[in-house]
Amino acid sequence: MNYELFPAEPFRIKAVETVRMNTREERTELIKEAGYNTFLLNSDDVYIDLLTDSGTNAMSDKQWAGMMIGDEAYAGSRNFFHLKETVEEIFGFKYIVPTHQGRGAENILSQIAIKPGQYVPGNMYFTTTRYHQERNGGNFVDIICDEAHDASLDIPFKGNIDLNKLQKLIDEKGAENIAYVCLAVTVNLAGGQPVSMQNMREVRELTNKYGIKVFYDATRCVENAYFIKEQEAGFENTSIQDIVHEMFSYADGCTMSGKKDCIVNIGGFLCMNDEQLYNDAKELVVVYEGMPSYGGMAGRDMEAMAIGLKEAMQFEYIEHRVKQVRYLGERLLEAGIPIIEPIGGHAVFLDARRFCPHLTQEQFPAQSLAATLYLYSGVRSMERGIVSAGRDKVTGKNHAPKLETVRLTIPRRVYTYRHMDYVANAVIHLYEEREKIKGLKFVYEPKQLRFFTARFEEI
Ligand SMILES: *Cc1c(COP(=O)(O)O)cnc(C)c1O
């Protein structure tokens, strides 16, 4: 591997948080007590926590300084105006409604923009996004390109919308029965795969013909912008901020989970250009979140978010972010470990089907792989496979998704390359002893979103 391809951390460390390394004997007991579910481990018992990149970001000295100038007035906080100006400048939308996190924005958008029975096409679903769409009477339709479902197909922009699928849906259902197109940049469940600028332009052209609105899930838009700069012709010399600005010029609005690309621990927002929609959103935000000038966030949180968004536009930050994830993936590929390719923006996904060929999908290979990785190393990861997919409401059978994966999600600015080496070595060691990974069976299975709290034992 060419180590020069990977830039060193573009920051120096000013405050540290000590983590404890426990023994394998202790972890044997701890994972058993947690029912072989990494969600049920205590954070204090984890050495390197790759459960999620959501809200786990490290803030900068400037963001922490911003916390001190929080204006906690109930209405008209100065930090709201700072956030509003920043969002306007970066994304170009006229109106912003702050929310406590991304799903708060999804809740409001789904209520004001979906009429019961309408269709909501999107590039693969996300759990909370789809939940709110369906709860408001929408029918989600997956219009991502077929390539997104193939874990080992290494092509760029696997998050793209298949325009033929969108055209077919419009022809079959009628434009008036489509609430809006929901376009996620990047696509989390496809492995953090980006969408090309070309695809965004084409989606805009097609929807303009029929007067259909397009709302982006902006959650990881900065990672998406980096992939465009790196891999799409014509953007080599364009700044991240200009790429982000162009991306959102093809949208009517967006929902944002600040816990990801705004580099903060909590917060979110909803944006739009349409004044009527904005008025509708303001009526709901007071019911679910708070005044339209704080929407569930403290003044200090809005300040940290405004500063974090600006920092996310810095090339050195986002280059390091994406390449650190890639470094971990490349080290695993070099050792012959099966992962989803190409390596996405926020996580490396182990392909548990190929990692554990001795287990059937009904023996929960990804669940067991995540539990065993913790046992070996103290590294916490997450199952994204048959357990997460749940059961069919009608037949009661397990959904059996094509992708049976373990997600190693990298928090922003928290870990160093040396931590990535530790994780890679642990996975490689486990791969050498992979036949020791045992099948699991449920001892407790919750009815809803079972992956969060289910318990298992070894077969
Ligand atoms: C996390 C996430 C959300 C939901 O945001 P929360 O802040 O967790 O409510 C929506 N979409 C995507 C793609 C996400 O990753």
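Residues numbered from 1 in each chain as written. Predicted model: local features only at pLDDT ≥ 70, side-chain atom pairs only at ≥ 80, totals over all residues. Heavy atoms only, no water.

*Asks:* Please explain the overall build of the protein as it appears in this structure.
*Replies:* The secondary structure content of the protein amounts to 16 helices and 14 strands. Computed over its C-alpha atoms, the radius of gyration of the protein comes to 22 Å, within 12% of the 23 Å expected for a compact globule of 459 residues. When each of the 459 residues of the protein is scored for burial, the buried share is 59%. Of the contacts formed within the protein by residues at least 6 apart in sequence, a portion of 72% connects residues at least 24 apart. In the structure as shown, the protein presents an accessible area of about 19400 Å², 50% of it carried by carbon and sulfur atoms. Across the protein, the centroid of the 52 positively charged side chains sits 4 Å from that of the 64 negatively charged ones. (Helix = DSSP H or I, 4+ residues; strand = E, 2+ residues; numbered from the N terminus. Rg over C-alpha atoms; globule rule 2.2 N^0.38 Å. Buried < 20%, exposed > 50% of the residue type's maximum accessible area, 1.4 Å probe, protein only. Contact = heavy atoms within 4.5 Å. Areas by Shrake-Rupley, 256 points an atom, 1.4 Å probe, with all protein chains shown as cover. Lys, Arg positive; Asp, Glu negative; His and termini not counted. Charge placed at Lys NZ, Arg CZ, Asp CG, Glu CD.)

*Asks:* Can you help me understand the packing of helix H12 (residues 315-334) against helix H16 (residues 417-432) in this one?
*Replies:* Between two packed helices, what matters for the description is the angle formed by their axes and the separation of those axes. Where H12 contacts H16, the axes come no closer than 9 Å and their chain directions differ by 25 degrees. Classed by the angle they form, the pair H12 and H16 counts as roughly parallel. As for the relative orientation of H12 and H16, their crossing is right-handed in sense. For the pair H12 and H16, the contacting residues are His 320, Lys 323, Gln 324, Tyr 327, Leu 328, Arg 331 and Leu 332 in the first and Tyr 417, Met 420, Asp 421, Val 423, Ala 424, Asn 425, Val 427 and Ile 428 in the second. Among the residues making up the contact of H12 with H16, the classes are represented as nine nonpolar, three polar and three charged. (Axes fitted to C-alpha atoms, helices over the stretch in contact; angles between N-to-C directions. Parallel < 35°, antiparallel > 145°, perpendicular 65-115°, else oblique. Left-handed = near helix turned anticlockwise from the far one by under 90°. Nonpolar A, V, L, I, M, F, W, Y, C, P; charged D, E, K, R; others polar.)

*Asks:* Even after reading the chapter, I still don't get the pattern of salt bridges, so can you show me in this structure?
*Replies:* Between side chains of opposite charge, pairing is possible as soon as their charged atoms come close. For the structure shown, the criterion picks out 28 salt bridges. Lys 168 is paired through a salt bridge with Glu 172; the nearest N and O atoms lie 3.5 Å apart. Linking Lys 168 with Glu 172, this pair stays in helix H6 (residues 163-173), spanning four residues, or about one helical turn. Comparing Lys 168 with Glu 172, the two get one shared label, exposed. (Salt bridge = Lys/Arg side-chain N within 4 Å of Asp/Glu carboxyl O.)

*Asks:* Looking at this structure, how should I read the packing of aromatic side chains?
*Replies:* Aromatic rings in a pair are described by how distant their centres are and how their planes are angled relative to each other. Applying the stated criterion across every chain yields a total of 21 aromatic pairs. An aromatic cluster of at least three residues, connected via ring pairs, comprises Phe 91, Phe 93, Tyr 216, Phe 248 and Phe 269. Taking the ring centre of Phe 451 as reference, the NZ or CZ of Arg 384 above it sits at 4.8 Å. (Phe/Tyr/Trp six-rings, centres within 6.5 Å; stacked < 30°, edge-to-face > 60°. Lys NZ or Arg CZ within 6 Å of the ring centre and 35° of its normal.)

*Asks:* Honestly, the environment of Asp 280 in this entry has me stumped. Any pointers?
*Replies:* Here Asp 280 is to be found in helix H10 (residues 275-288). Residues Asp 280 and Ile 112 lie 168 residues apart in sequence; the distance between their C-alpha atoms is 6.5 Å.

*Asks:* What is the right way to look at the layout of surface pockets in this model?
*Replies:* One simple way to see leftover space: roll a probe sized like a water molecule over the atoms. By volume, the second largest pocket is sized at about 1600 Å³. Ala 15, Ala 58, Met 59, Arg 413 and Val 414 are the residues nearest the centre of the second largest pocket, which is lined by 42 residues in total. Counting residues per element, the ones that place at least two in the lining of the second largest pocket are helix H2 (61-67) and H12. The leading source of residues in the lining of the second largest pocket is H12, at five residues. Here the lining of the second largest pocket is composed, by residue class, of 16 nonpolar, twelve polar and 14 charged. Residue assignment places the lining of the second largest pocket across two domains, with domain 1 (3-53 + 315-458) and domain 2 (61-311) each supplying three or more. (1 Å grid on protein atoms, 1.4 Å probe; cavity = no way out; pocket = protein on both sides within 12 Å on 5 of 7 lines; lining within 4 Å. Points joined across faces, edges and corners; volume = space filled by probe spheres on them. Domains from an automatic or database assignment.)

*Asks:* I keep staring at the site of the ligand and nothing clicks. Help me out?
*Replies:* Among the 14 residues in the neighbourhood of the ligand, the closest are listed as Gly 102, Arg 103, Asp 217, Ser 257 and Lys 260. Contacts to the ligand include Gly 102, whose backbone N or O atom sits 2.9 Å from an oxygen atom. Between the ligand and the protein, one listed contact pairs an oxygen atom with a side-chain N or O atom of Arg 220 at 2.9 Å. In isolation the ligand has 380 Å² of accessible area, and contact with the protein removes 96% of it. Secondary-structure elements contributing two or more residues to the shell around the ligand are helix H4 (102-113) and helix H5 (127-135). At three residues, the largest contribution of residues to the shell around the ligand is made by H4. (Near = heavy atom within 4 Å. Polar contact = N/O pair within 3.5 Å; in protein donor to acceptor, adjacent residues only side chain to side chain.)

*Asks:* How should I be thinking about the nonpolar core in this particular structure?
*Replies:* One finds Phe 91, Met 200, Tyr 216, Cys 221, Met 247, Phe 248 and Phe 269 to be the most contacted residues of the largest nonpolar core, which totals 63 residues. Split by domain, this core shows at least three residues from each of two domains, domain 1 (3-53 + 315-458) and domain 2 (61-311). Counting residues in hydrophobic clusters, the runner-up holds 37 residues, among them Val 325, Ala 352, Tyr 376 and Val 427. (Core = buried A, V, L, I, M, F, W, Y, C linked by side-chain atoms within 4.5 Å.)

*Asks:* Whenever I open this one, empty space enclosed by the protein confuses me. Can you help?
*Replies:* The final tally for this structure, using the stated rule, is three cavities of 30 Å³ or more. By volume, the largest cavity amounts to about 90 Å³. Contributing to the lining of the largest cavity are 13 residues, with Met 124, Tyr 125, Phe 126, Thr 129 and Cys 182 lying nearest its centre. Going through the elements one at a time, H5 and strand E5 (181-184) are the ones with two or more residues in the lining of the largest cavity. In this model, the second largest cavity occupies a volume close to 60 Å³. Glu 106, Leu 109, Ser 110, Thr 129, Gln 133, Tyr 180, Cys 182, Phe 215, Tyr 216 and Thr 255 are the residues that line the second largest cavity. Counting residues per element, the lining of the second largest cavity draws most heavily on H4, which supplies three residues. Grouping the amino acids of the lining of the second largest cavity by side-chain chemistry returns five nonpolar, four polar and one charged.

*Asks:* Looking at this model, I keep getting lost on the domain arrangement of the protein. Mind explaining?
*Replies:* In many analyses, interface size is given as the accessible surface area lost on bringing the parts together. Here the domain parsing of the protein yields domain 1 (3-53 + 315-458) and domain 2 (61-311). Here domain 1 and domain 2 have C-alpha centroids that lie 27 Å from each other. Each side of the interface is counted separately: domain 1 has 27 residues, and domain 2 has 30 residues. Of the roughly 2400 Å² buried where domain 1 meets domain 2, counting both sides, 56% is carbon and sulfur surface. With a closest N to O distance of 3.0 Å, Arg 413 and Glu 311 form a salt bridge. Linking domain 1 with domain 2 are 15 residue pairs in polar contact (both at pLDDT 80 or more). Ranked by residue count, the leading element in the side of domain 1 that touches domain 2 is H12, at eight residues. Of the residues that constitute the side of domain 1 that touches domain 2, the class distribution is ten nonpolar, three polar and 14 charged. (Buried area = accessible area lost by both parts, 1.4 Å probe.)

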